[in-house]
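Reading the structure
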Amino acid sequence: MMKMPMPSIDSVRVAVRVRPFSQVTFSMLEIYNEQVKDLLSKTKKPGGLKVREDQQLGFYVDGLKSVPCENYAQIERLMEQGTKIRTTASTNMNASSSRSHMVITIQFKQVFLDRDLSKQSSINLVDLAGSERQKSSGSEGDRLREGSRVNLSLTNLGNVISALADAAMGKKVLHIPYRDSVLTKLLQSALGGNSRTTLIAAISPADICYEETLSTLRYAERAKKIRNKAVVNTSTLMRESRAQNNKLLLGCGNSRMAELPACWLRSPTDQLSWVHQLEQARSEWQQYYVAIAQEQQMVKTFPHLLNVNEDPQLTGVLKHFIEAGSCDAGQAASNAITLQGLGISDKHASFTNSDGKVTVTPHGKCKVIVNGVSITTKTKLQHLDRIILGSNSAYLYIGFPSERGSEDLSRFDYDFFQLERAASEGVSVDTLGAVNSGDGKADPSVLAVFQDYIKLMPLVAEANQMSEELKKGLNMELKVKNLASSDSRGCDLQKEVMVKVTNQRTRQVWIWSKAKFINRKFLMEELYQRFLDGEDSHVAQEDDPFWDPAEVIHLGSAHIWLQSLAYCMKFEEQVEFLNCDGLEEAVLHIHMGPCSPTGQARGEEDVVIDPLELLGKRMDFQIRIVQCLGTKWLKEDAERGVQMGYRIYDLPNTLYTKPVWKILNPQIEETVQFTALNASQEFLNYLQTNALIVDLWGLQEGCAELSCSQPGLMVTGEGHIMVDTKKISAVMDKGQTTSNQIPELYLKLLKLEQETELLRNINRVLREENVFLKESLEKTGSSQQAHKPSNTLKLTGMTAQLPAAREVNQMCTQQASYDRAFAKALKVFHQSMNVARGQFLKLRHHKPPEDDQMLRPFVHQQSQMLKDFGDLLESSLWKLKNDVALIVKKKRECLLHME
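This structure is a prediction, so every number in the text was calculated from the model and none was measured.

A look at the overall build of the protein chain
- A tally of helices and strands in the protein chain yields 21 helices and 32 strands.
- Across the 899 residues in the protein chain, those meeting the buried criterion constitute 40%.
- The contacts in the protein chain between residues at least 6 apart in sequence include a share of 65% that link residues at least 24 apart.
- For the protein chain, the exposed surface amounts to about 51,300 Å²; the carbon and sulfur share of it is 53%.

Below, the structure is given as C-alpha cells:
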C-alpha cells in the first residue's frame, strides 16, 4: 500500500478557500438571586458560577459548559435538556420563569486560513423574569429594601437602557452601569456593543394590568432609542500563532482533510481539540437518545407522575414512573422516585402498583394533597388525579394505558391545581361575591382579588415551609378583607388580599399587604438558599425577613346606623364587631342620643317627625361607648389589650378610646358630646343614610398605643366637639382669626344672623299690617256719613258680632289642639317602631350556635324574642288606634256643640 505524501500548507489553504472552517457552540444558563447556574451541567456548585472579566472577551462565566453542535436538531435537544434541569431547579430553589432570567448563547466562528482571517458572532436568547408590581417599602412601613433581587436586576437593566438611550440622543452620559448586576454584565455587548438587539415586550390587554402594561411599554420605548453600530467581527491570525499552529498541523500526519482545520485552530489553552469535543458530544447525545427511547417506552407501559409547573414551558418535562410493587418517593437518593422541593422529606410518601391499581400513602405527617384535599392514610389514585407533595410540588397522575383516552391534558395546568386547592379551603369566586345579582356579570375587582389569592397561595405555603425548616416559628395564612367594613354606607364591595402572620412562640401577630409579603418572600428565599448551601443563615433581628416590630392589629368593625339621631331619638344596642372573615370578633355595647347643650338627655316631646325640622338649628348629641364583650383577641392571650376608634361626618381625625389591657370584657365608659351649630341639609342626609363605624384595634406587648389626643378639632365654649363645620372652614380660609377664636366668633355670627332674620320677619308682618290698615282707612273715609247715629248703629253691630268672633277663635284653638295631639300620637308610634326595628335587626343577626347542646336554649331564646317583638307591634298599633279614636271622638263632639 502506497503511503500518501504529507500535504503542504498551500494545499491546505486552497482547500479552506473552497470551504472555510466553522464551529458552533451552545451554552445555557439561569440567573436567580444574582447566582448563575449552568443548565447543561448536572453538578451543582454552591453559590453558583462566577462571572469574570477579560480584556478581550469582556465579561464571561467561568466554568460554563459549552457544547459543540453540528446541526439545528442538536441545538433543540440541548434546549430540552437544559429545560429539564431548570425544572428540577425550580422545585429546589423556588425558581421558575417568572422569577429567574435564562440566557442561551449560541456562538459561531468561521476561519479563512488562506486570508489569515476569522469571523465570529454570537446570538443571545434572553428570557427575562417577570417584574412584580410592588409598593414602595416606605409607604408600607417596611424597614427593608423595597426591591427584590428580581426587580433589582430588571431595574439595573432599565438604568443601562436609559443611559444608552440618552447617549443615542446626544446627551452627555458619564457612566453606563453595566456592573450593577450579573444580567447587565453578561448582556453588555448585546445592549450597547457591536450587536443588533430585538426586544419583545409581553403585555396584557386586561384593565387590571394597566399599570404593568404601561410600565412595560415605557421600558420598550426607551430600548427603541438605542442606536448600536453592528460590524463584522474579524481578526487577523498572528504570526506567532501561525508558526505554532503550523507545527501542530504537521504533527497531524495522515489525518483527514476535515480534521486539519481543527488542528490548525487548536490553542494551548484548550483542554480538548475540537474533534475530541465533537466525539464527546456525540457520545453524550447517543446516551441521551437511548434514555429518551427508554422513557417513551415506559410512558406507554407504566403509570407515572407528570410535573405541572407555573411556567407552561416547564410542565410535563419530568416523569416519575410507578413500576410494579412499592416504591418510595422523597429527597433521599435511595428512593425509587427522587423529588426536589420545599417540604419534601427524605421519605415523603410511598406509591404502590399492585393488582391493577395504584395507591399513595404519606409517611408520618408529610403533606400530601390529592385533588385539593389533604390525605393522611392510604388513598387509591384514579387516572388524571392531581397530587401536590410538600409545599407546592404539583404532579398529574397518568394511569395505566387501559385507563387512558384522548383527554386534553393542557386543561390541568398550574392554575387548575391552585383553584382546586382554594375551593377545598372554601374560597371561590362565588364565596367572594364576584357575581353581581343585578346583571349576572362578574365584578372585575373581585375577580382580580381572587386571582391574587390564587397567586399567593403557593407562595404562602412555601414561606411557611421555609419558616419551619429555618425554625422561625411563624405561621402565615391568607385573608380576604372586605372593604365594606370601612364604608359608612356598607355598600362598598371591594376586597383586598392580606397575609396574617402569627409567631407561634410569642403569639405576636402582624398583618402584611400583598406587596409587603412578596417582598419579604424574596428575602426569605435568599436566607433559605444560604441555609441550603451550608452557609451561616443567622442574621440580625432588624435584617431578618421573618421578623417585624410589634404593631397594632385591626380586629374588626361595627356599624351603628345614625338614623335615630335625625329624629332626635335615643339609641342603645349591642352591635357585633365583624372581622375580615365576616365572623363575630366581639360585641360592642353603645349608647347614642340627643341632648341639650348642657348634656341633659332629650325626652319624647323633642322627637321630630321630619328631620327637616332640625334644618338650620343647633343639634347636640352624645356617643357613649359602654363595654366590649367577648373579644376573641383577648381570649387567645390574656396579656393583650384593645382600643376603639371612630370618626363621624367631617371630623378630620379619628377619636380613640383609652387603651385597656388584660381584661376579658373591658368596661370602656367613655362619652363624647358633639355639636352641630347650624345643621345643614348634607349633615341631616348623612344621619339618615350613613352609619357610625367603630373600629376595634388589638394591642400586643411592645406595640405603640393609638393616640387619644384630639389635635385639629374645633370645640364649642362648653368643650363639645363641633361637626358640620363647612361655614367655619370658610371663615378660617380667610385667615382673619386664629383657630381658638373661631367657635366664639361663629356663635356670635350665628346669633346675629338669627336676630336679623327675626327682624326681617317682624318687618314683613308690620308692612303687611300697615297695608291692611291703609286700605281699611280708605274704605272708611269713602263711606263715612255726617251724622253720629249711624256710627253708633255701626258700632253696635260690630259689638254684636264679638261673641261670634270669640266662638270662631275658640274653634280654631280647639282644632290646633287636636292637631298637636295627633302629631304627638304619631311621634310615640314612630318611636316604638324604631325600637321594633332594633329588635328585628337583633333577631336577624341572632345566629344558631355551633354546639348542638346549646341548640335548645337558642330555640327558647329565639321564641322569647319573637314573642317580645310581636307584643311590641301589637301594643304600638293598639295605642295608636286608641289615640286616634279619642281625637276623632273629641272633634266630633266639638262640631256637634258648634252646630
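Quick notes on the side chain of R640
- Here R640 is to be found in the loop between α15 (632-636) and β27 (641-646).
- Those residues in contact with R640 that lie beyond four places of it in its chain are R507, V509, W633, L634, W661, K662 and L699.

Structural notes on the packing of aromatic side chains
- Under the defined criterion, the tally for this structure stands at 8 aromatic pairs.
- A centroid spacing of 5.0 Å and a plane angle of 50° characterise the contact between Y649 and Y686, whose relative ring orientation is tilted. On the criterion of sequence distance, the pair formed by Y649 in the loop between β27 and β28 (655-656) and Y686 in helix α16 (residues 681-689) is long-range, its members being 37 residues apart.

Brief notes about helix α12 (residues 444-469)
- With 26 residues, α12 extends 38 Å between its outermost C-alpha atoms, agreeing within 8% with the 38 Å of an ideal straight helix rising 1.5 Å per residue.
- The largest bend along α12 reaches roughly 30° and is located at L456, with the proline P458 sitting one to four residues downstream.
- Positive phi shows up at K471, right after α12, with a value of about 60°.

Overview of the nonpolar core
- Counting 49 residues, the largest nonpolar core has I648, F674 and L692 as its most contacted members.
- When residues of this core are assigned to their parent elements, the largest contribution, 5 residues, is made by strand β26 (residues 619-629).
- When neighbours within four sequence positions are excluded, L692 is seen to be in contact with A558, H559, I560, L562, I590, M592, I623, Y646, R647 and I648.
- Among the nonpolar cores identified, the runner-up in size contains 33 residues, and V449, F450, L456 and W512 belong to it.

Some remarks on the sheet that holds strand β20 (residues 474-482)
- In space, the 3 strands of this open sheet follow the order β20-β21-β22, with antiparallel pairing throughout. Each having just a single partner strand, β20 and β22 (509-513) make up the two edges of the open sheet. The average angle at which neighbouring strand axes cross in this sheet is 30°, direction not considered.
- Where strand β21 (residues 495-503) and β22 come together, 5 bridges link them in antiparallel fashion. Bridging from a neighbouring strand, K500 pairs with I511 of β22.
- On the sheet, α12 packs against β20 and β21 and is oriented at approximately 165° with respect to β20.

Section: the pattern of salt bridges
- Counted according to the given criterion, the structure contains 24 salt bridges.
- One salt bridge connects R86 with E30, and the closest N-O pair in it is separated by 2.9 Å. With R86 in helix α2 (residues 72-93) and E30 in strand β1 (residues 21-32), this residue pair connects regions lying 56 residues apart in the sequence.
- We note a salt bridge from R640 to E636, for which the minimum N-O separation is 3.1 Å.

Structural notes on the pairing of strand β4 (residues 58-61)
- Inspection of the sheet shows strand β3 (residues 51-54) paired to β4 by 4 bridges, in the antiparallel sense. Bridged to V51 within β4 is V61.
- Hairpin connection from β3 to β4: 3 residues lie between these consecutive antiparallel strands.

Observations concerning the packing of helix α11 (residues 414-424) against α12
- In the contact formed by α11 and α12, the axes pass within 10 Å of each other and the chain directions differ by 90°. Classed by the angle they form, the pair α11 and α12 counts as roughly perpendicular. On α12, the residues that touch Y414, Q418, L419, R421 and A422 of α11 are F450, Y453, I454, M457, P458 and A461.
- Here the contact of α11 with α12 is built from residues that sort into 9 nonpolar, 1 polar and 1 charged.

Some points on the sheet that holds strand β18 (residues 386-389)
- Spatially, 6 strands are ordered β10-β9-β19-β18-β15-β16 in an open sheet, and the strand pairing comes out antiparallel. Looking at the sheet topology across the chains shown, the edges are occupied by β10 (319-321) and β16 (373-375). The mean angle between the axes of side-by-side strands here comes to 30°, regardless of whether they run parallel or antiparallel.
- Relative to β10, strand β9 (residues 304-308) is paired through 3 bridges, and the arrangement is antiparallel. Opposite H304, over in β10, you have F321 as the bridge partner.

Considerations on unusual backbone geometry
- Positive phi, normally seen in glycine, also occurs at N371, with a value near 55°.
- Positive phi, normally seen in glycine, also occurs at C568, with a value near 60°.
- Tracing the backbone shows C568 in the loop between α14 (563-566) and β24 (571-578).
- On the basis of relative accessible area, C568 is assigned to the buried category, the value being 13%.

So, the pairing of strand β13 (residues 349-354)
- As judged from the 5 bridges shared by strand β11 (residues 325-330) and β13, these two strands associate in the antiparallel manner. Note on β13: the bridge partner recorded for C327 is F351.
- Of the pairings in the sheet, the one linking β13 to strand β14 (residues 357-362) comprises 6 bridges and is antiparallel in character. Paired with N353 across the two strands is V358, which belongs to β14.
- Between β13 and β14, which pair antiparallel and follow one another directly, the connecting turn spans 2 residues, one of which, D355, has a positive phi of 55°.

Reading guide: rules and limits
Residues numbered from 1 in each chain as written. Predicted model: local features only at pLDDT ≥ 70, side-chain atom pairs only at ≥ 80, totals over all residues. Heavy atoms only, no water. Helix = DSSP H or I, 4+ residues; strand = E, 2+ residues; numbered from the N terminus. Buried < 20%, exposed > 50% of the residue type's maximum accessible area, 1.4 Å probe, protein only. Contact = heavy atoms within 4.5 Å. Areas by Shrake-Rupley, 256 points an atom, 1.4 Å probe, with all protein chains shown as cover. Phe/Tyr/Trp six-rings, centres within 6.5 Å; stacked < 30°, edge-to-face > 60°. Expected span 1.5 Å × (residues − 1). Bend = angle between axes of the 7 residues up to and from the residue. Core = buried A, V, L, I, M, F, W, Y, C linked by side-chain atoms within 4.5 Å. Pairing = 2+ DSSP bridges. Axes fitted to C-alpha atoms, helices over the stretch in contact; angles between N-to-C directions. Salt bridge = Lys/Arg side-chain N within 4 Å of Asp/Glu carboxyl O. Parallel < 35°, antiparallel > 145°, perpendicular 65-115°, else oblique. Nonpolar A, V, L, I, M, F, W, Y, C, P; charged D, E, K, R; others polar.

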